[in-house]
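The primary structure of each chain is shown beneath.
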Amino acid sequence: MSTTVTAEAFLARSIRLATANVLNSGGPFGAVIVTADGQAFDGVNRVTADNDPTAHAEVTAIRRACSGLGTFDLRGATLYSSCEPCPMCLASALWARIDRVVFAADRHDAASVGFDDAVFYEYFDNEDRHALMPVSKLELGHPEAPAILEPFNTWNTLDSRIDY
């Protein structure tokens, strides 16, 4: 089977997962992570079913792959998604060190049925993003407050740490 056929097969699998998930109280999103050696791990959107706003298909696939492989590093893997991953899912793929992301429907297709991820993409490009959700740094002025770099300094001196 050629690489293109394989990619198309995994992308089609993500779409079938998404459709089946809708009929199982989930959202219309599916994902498949395929490792460099060909192992595949499925994920579906369980946001409303599990009351977990982070349970997007891509994130659940990443969790399953990492758990199944016993690692947090998915270098060499490809993420196939039924829909363009949102910024959270893209960030998760980056943290997992996934090599490539391939998707079918895009954010505008999702918006046409009420999933307006486009606003989240705009958040990062928008100078007025604080109107959607303010994010700010607060300086600790209390004399008994811990030093803000204390966690990093402790991490940096720990011989048993696992870098990621």
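About the thresholds
- Residues numbered from 1 in each chain as written.
- Predicted model: local features only at pLDDT ≥ 70, side-chain atom pairs only at ≥ 80, totals over all residues.
- Heavy atoms only, no water.
- Helix = DSSP H or I, 4+ residues; strand = E, 2+ residues; numbered from the N terminus.
- Areas by Shrake-Rupley, 256 points an atom, 1.4 Å probe, with all protein chains shown as cover.
- Axes fitted to C-alpha atoms, helices over the stretch in contact; angles between N-to-C directions.
- Parallel < 35°, antiparallel > 145°, perpendicular 65-115°, else oblique.
- Left-handed = near helix turned anticlockwise from the far one by under 90°.
- Contact = heavy atoms within 4.5 Å.
- Nonpolar A, V, L, I, M, F, W, Y, C, P; charged D, E, K, R; others polar.
- Pairing = 2+ DSSP bridges.
- Polar contact = N/O pair within 3.5 Å; in protein donor to acceptor, adjacent residues only side chain to side chain.
- Salt bridge = Lys/Arg side-chain N within 4 Å of Asp/Glu carboxyl O.
- Buried < 20%, exposed > 50% of the residue type's maximum accessible area, 1.4 Å probe, protein only.
- Arc of directions from axis to C-beta.

Visitor: Account for the overall build of the chain, naming residues and giving values.
Guide: Secondary structure assignment for the chain yields 7 helices and 4 strands. Listed N to C, the secondary structure of the chain is α-β-β-α-α-β-α-β-α-α-α in terms of helices and strands. Principal axes of the C-alpha set define a box for the chain whose edges measure 60 × 40 × 30 Å. In the form shown here, the chain has an accessible surface area of approximately 10700 Å², with 57% of it arising from carbon and sulfur atoms.

Visitor: Which residues make up the packing of helix α3 (residues 57–69) against helix α4 (residues 87–95), and what are the values?
Guide: At a minimum axis distance of 8 Å, the contact between α3 and α4 shows a crossing angle of 20 degrees. It follows from the interaxial angle that α3 and α4 lie roughly parallel. Note that α3 runs across α4; the crossing there is left-handed. Across the interface between the two elements, Glu58, Val59 and Ile62 from α3 touch Met88, Cys89, Ser92 and Ala93 from α4. Broken down by class, the residue content of the contact of α3 with α4 amounts to 5 nonpolar, 1 polar and 1 charged.

Visitor: Account for the sheet that holds strand β4 (residues 100–105), naming residues and giving values.
Guide: Strand order in the open sheet made by the 4 strands is β2-β1-β3-β4, with mixed pairing throughout. Every interior strand has two partners, whereas the edge strands, β2 (40–44) and β4, have only one. Within the sheet, the average angular offset between the axes of one strand and its neighbour, ignoring direction, is 15 degrees. As defined by bridge partners, strand β1 (residues 30–34) adjoins β2 across 5 bridges and the pair is classed as antiparallel. Note that in β2 the partner of Ile33 across the bridge is Phe41. Against the sheet, α3 makes contact with β1, β2 and β3 (78–83), and its axis sits at roughly 145 degrees relative to β2, the strand it touches most.

Visitor: Tell me about the environment of Asp42, residues and numbers included.
Guide: Inspection of the secondary structure assignment puts Asp42 in strand β2. Between the C-alpha atom of Asp42 and that of Thr60, which follows or precedes it by 18 residues, the distance is 7.8 Å. Residue contacts for Asp42: discarding those within four places in its chain leaves Arg13, Leu17, Ala31, Val32, Thr60, Ala61 and Arg64. Polar contacts involving the side chain of Asp42 include one to the side chain of Arg13, which spans 2.9 Å.

Visitor: Account for the pattern of salt bridges, naming residues and giving values.
Guide: Counted under the stated rule, the structure contains 5 salt bridges. Its salt-bridge partner being Arg75, residue Asp73 comes within 2.8 Å of it at the nearest N-O pair. On the basis of relative accessibility, which here comes to 25%, the residue Asp73 falls in the partly exposed class. For Glu84, the salt bridge goes to Arg107, with nearest N and O atoms at 2.9 Å.

Visitor: Explain α4 residue by residue, including any values.
Guide: Helical geometry note: an α-helix holds 3.6 residues per turn, so side chains three or four residues apart project in the same direction. For α4, the complete set of buried residues consists of Pro87, Cys89 and Ala93. Each buried residue of α4 lies within a common arc of 165 degrees when the element is viewed along its axis, so the set occupies one face. Turned more than 90 degrees off the buried face of α4, the exposed positions are Leu94 and Trp95. Buried residues belonging to α4 abut α3, β3, β4 and α6 (118–125). At the exit of α4 stands Arg97, carrying a positive phi of roughly 65 degrees.

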